[in-house]
Structures are given as structure tokens and as C-alpha cells.
Amino acid sequence: MPKKDLVTKVWIEEGCIVCDACETAAPDVFEVLEETCIIRPDAMKVDFTKPRTQNIEDAAEECPVDVIKFETASFEVSAEEAAAAEAAAKDSEAVPSGEVDPAPSPAAASPVAPAVAAKRGVAANPGVAADADPTLAALLTTANARGGAAMRERNSAVIPDVVAEWRRVAPEKLPPDIRHARTLEIAAQSAAKEQEREQKEKTDPDRRTVIGSIALGAGWAAFGGATAISAGPAFTRFLMPNVLEEPDPKVRVGSIEKYSEMPPNDVNEDFKPQGVWMIRQEGQIAALNIICTHLGCIPNWLPNDRKFKCPCHGSGFKPSGINFEGPAPRPLERFKILEVEGQIIVDKSKKFQYERGDWSNPDSFVAI
Ligand code: FES
């Protein structure tokens, strides 16, 4: 029987520029998100990657920054499979110079970058902001020319219909990939808000001092009131406490019985869209933060393997949240958790880190 090298494992290293080239070459293996590209959960299985070897090799070759890596192993294949693989390899070669694609994709029919436009016989248009970093712009332009859709959407001020449609659907009814993307989007938004709040607190200490002084001194209050009236609403707003409208960090996750009945080391994913995994450990329940401690992607819970696996760079975490493989430098974090009249409440404003010994803090778990 002939032998063929087939892909058994694919991953993405740091440095993705979110250009969409890989998703274009292998859409069922790669998914381009707002901030990065991820491997779809199915593509972490050998049986899934093997028949997609050619597409994965194409994606790696197309990647302008060479962050797509894969491993292969030699497998016996039938003569037909070997011939089909060879034909696929030939098909994947570049379009001959001067020829126009017989059935161009919608993207290929769009104006593209000069070099590829010449090759494909279509008009050129880089589609990248004029003030972009020149090296990045060149890479993005070339990748865009390969036909990716996500980048065009990112460059457009209009939200594509399909994205608008997803936003109207309840998270639990979304397909896993889209749910995952939405979770990542929500996590990114809340991380940005947290950063903004911290930044504000660091750079604006005087404002809080002024507000405190006003509250303490009647003379200052009279002055403030009179000035506010004369200076108008903008100044009145300045005198108000600096309240940020942020989502409530407390999440009600249900009754204690619900979690007590789970077997030890089991994971409940009902509140993943809110950024929480509920876990049952020996004698306690706890709430894990779903953000990977490597670079902030969202891992998947793989019930058959009994582990969380991060699709970005392959970090693995045990059901307790402890890291054991891949580049993640520390365990997942836990949130504060409390029981109030038989109901469990997770408070995401307070986090506990294993490496600091925080997990022995009684606020980091509920004993059962
Ligand atoms: Fe890199 Fe999770 S973000 S492994």
C-alpha cells in the first residue's frame, strides 16, 4: 500500500496578524476572530485533520507571518486516496500567470492587491488603511488578495448581515463556533473596560479627592452648587461621583443542590457566556475564570479528555483549573463565590490565584 504524510496536529504560534488567509484556505480548520485566529475545536482531532492535510499545508504556506505549524505522520492509504491527494496538491498550486480563475470566488472577483491581481487578471485595490504600518499593510494586502472575507468585513463600517443576525440570537442557541467567538468578544470588551477603569483610577486621583472635600465641607458644597448652576451641566457632571456604567460583576448561578449533585471533577458550562465555569471538586464547588492565562483566549472544556484545552496555542488545564501542558504559565483563576439562602453567587470583581496560595481562601470556594 502507498504511504502518505498526513497532518495529525495543527496549531498557531504567537504573532498572528489576523489576515484571514488561513480561514480562506481551510475554513473548517481555522476561524478568524476580531483579535486572533483560532483552531476550531473539531480540528484538534486527528481524524478530522488527516483528510484536510492539503488545505492545512496550503494555509501554512499562505500565512504571511508563518505562525501556522503542523505535525504529520506517515499513514498507509489506498491507491485512490494517494491519487486524489496528488490531484489536490496539483490543484492547490498557484493560478498560472495571466489566467483568470474560471469561477472566481466573490472575494477574487473583488479588486485585490497588485501582485496577485496581475496573476489573477483582476483589478487591484489594497483595501488597507492608508496610514497603516507599511510592513503590516503589505502583509494584510497580500493576504486579503487571496480571497479572505473577514478582513474586508473588518475594513468595512457596515456590520455584515450574518453578524447582525447572530447578535439577535440567544447565546445558548448559537452554534459552538459562533458562541465561542461571542464569548471572546464579550471577554475582550470587559477586559478593555477593566483596563480603562484602572487607568482612570491611576491618572485621576485628584478628582476623587475634590469630590471627598466637597462632601465634607458645607462652604465648598455651596460654592460647588452655585458654580455648577452658573457653569451648566458639564460642570455639574464633574461634581458627580465618577460612576462607570459596567455590567454587574455578580452572577447568580443557581442552587447549591445543583452543584452538589455533580460528580467530583465535573464541569458545568451553563455560565460560560458570562465568563464562568462552575466546577465540582472534592468537598467544594468553585467558579473558574474562562480566560486562558497565556494570552487570553477562551479554552474549551473537552468532557471526554477531562480537560480544558486552549485552541490558540494548545495549553491544557485540569478540571481544577491547574495548567499541565502548553505555554500557559499558571492555572486558571477562580472568582469569589458565596452562598446566600441556598443560592450560589459568583462575584467576578474578586479573583483568586493558585500560585499565590489564594485557593485556600474561604471566599474562593463553597464547601459542600
Ligand atoms: Fe495561548 Fe491559551 S492563549 S494557550
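Computed from a prediction, not measured in an experiment: that's the story for all the values here.

Chemist: How would you sum up the overall build of the chain? Please name residues and give values.
Modeler: Regarding its fold elements, the chain presents 14 helices and 15 strands. The buried share of the chain, taken over its 368 residues, is 36%. Excluding contacts between residues fewer than 6 apart, the proportion of contacts in the chain whose partners are at least 24 apart in sequence is 55%. Element-wise, carbon and sulfur atoms account for 54% of the exposed surface of the chain, whose accessible area totals about 20,500 Å².

Chemist: Describe the sheet that holds strand β9 (residues 300-302), listing the residues and the values that go with them.
Modeler: Across the sheet, four strands lie side by side as β9-β10-β11-β12; this open sheet has antiparallel pairing. The outermost strands of the open sheet, each flanked by one partner alone, are β9 and β12 (323-325). One ladder, built from two bridges, connects strand β11 (residues 316-317) with β12; its direction is antiparallel. Bridging from a neighbouring strand, Phe 317 pairs with Asn 323 of β12.

Chemist: Describe in detail the confidence of the model for the chain, supporting the description with residues and values.
Modeler: Counting all residues, the mean pLDDT for the chain is 73, and 60% of those residues have values of 70 or more. A low-confidence stretch, residues 94-127 stays under pLDDT 50, and its non-local contacts, those more than four residues away or across chains, total 47 contacts. Counting contacts from residues 146-157, a segment whose pLDDT is below 50, to residues more than four positions away or on other chains yields 31 contacts.

Chemist: For the packing of aromatic side chains, give the residues involved together with the corresponding values.
Modeler: Considering all chains together, one arrives at three aromatic pairs under this definition. Judged by centre distance (4.8 Å) and plane angle (50°), the rings of Trp 301 and Phe 308 are tilted. The burial state of Trp 301 is the same as that of Phe 308; both residues are buried. An angle of 65° between the planes, with centres 5.0 Å apart, marks the rings of Tyr 354 and Trp 359 as edge-to-face. Relative accessible area serves as the criterion here: at 11%, Trp 359 is assigned to the buried category. Through a chain of ring-to-ring contacts, the aromatic side chains of Trp 277, Trp 301 and Phe 308 assemble into a single cluster. A cation over an aromatic ring shows up here: Lys 50 above the ring of Phe 75, its NZ or CZ 4.3 Å from the ring centre. If you follow Arg 52 out to its NZ or CZ, it ends over the ring of Phe 48, 3.7 Å from the centre.

Chemist: Residue-level account of unusual backbone geometry, with values.
Modeler: In the Ramachandran plot, Asn 265 falls in the positive-phi region, its phi being about 70° despite a non-glycine side chain. Note that Asn 265 resides in the loop between α14 (256-260) and β6 (267-268). One non-glycine residue, Glu 341, lies in positive phi territory at about 50°. With respect to the helices, strands and loops of the structure, Glu 341 is situated in the loop between β13 (334-340) and β14 (343-352).

Chemist: Break down the pairing of strand β7 (residues 276-281) for me, citing the residues and quoting the values.
Modeler: With six of six residues buried, β7 lies mostly within the body of the structure. Strand direction decides the pairing type here: β6 and β7, joined by two bridges, are antiparallel. By the bridge assignment for β7, Val 267 is matched with Ile 279. Pairing of β7 with strand β8 (residues 284-289), which is carried by six bridges, proceeds in the antiparallel orientation. Paired with Trp 277 across the bridge in β8 is Leu 288.

About the cut-offs
Residues numbered from 1 in each chain as written. Predicted model: local features only at pLDDT ≥ 70, side-chain atom pairs only at ≥ 80, totals over all residues. Heavy atoms only, no water. Helix = DSSP H or I, 4+ residues; strand = E, 2+ residues; numbered from the N terminus. Buried < 20%, exposed > 50% of the residue type's maximum accessible area, 1.4 Å probe, protein only. Contact = heavy atoms within 4.5 Å. Areas by Shrake-Rupley, 256 points an atom, 1.4 Å probe, with all protein chains shown as cover. Pairing = 2+ DSSP bridges. pLDDT = per-residue confidence, 0-100. Phe/Tyr/Trp six-rings, centres within 6.5 Å; stacked < 30°, edge-to-face > 60°. Lys NZ or Arg CZ within 6 Å of the ring centre and 35° of its normal.

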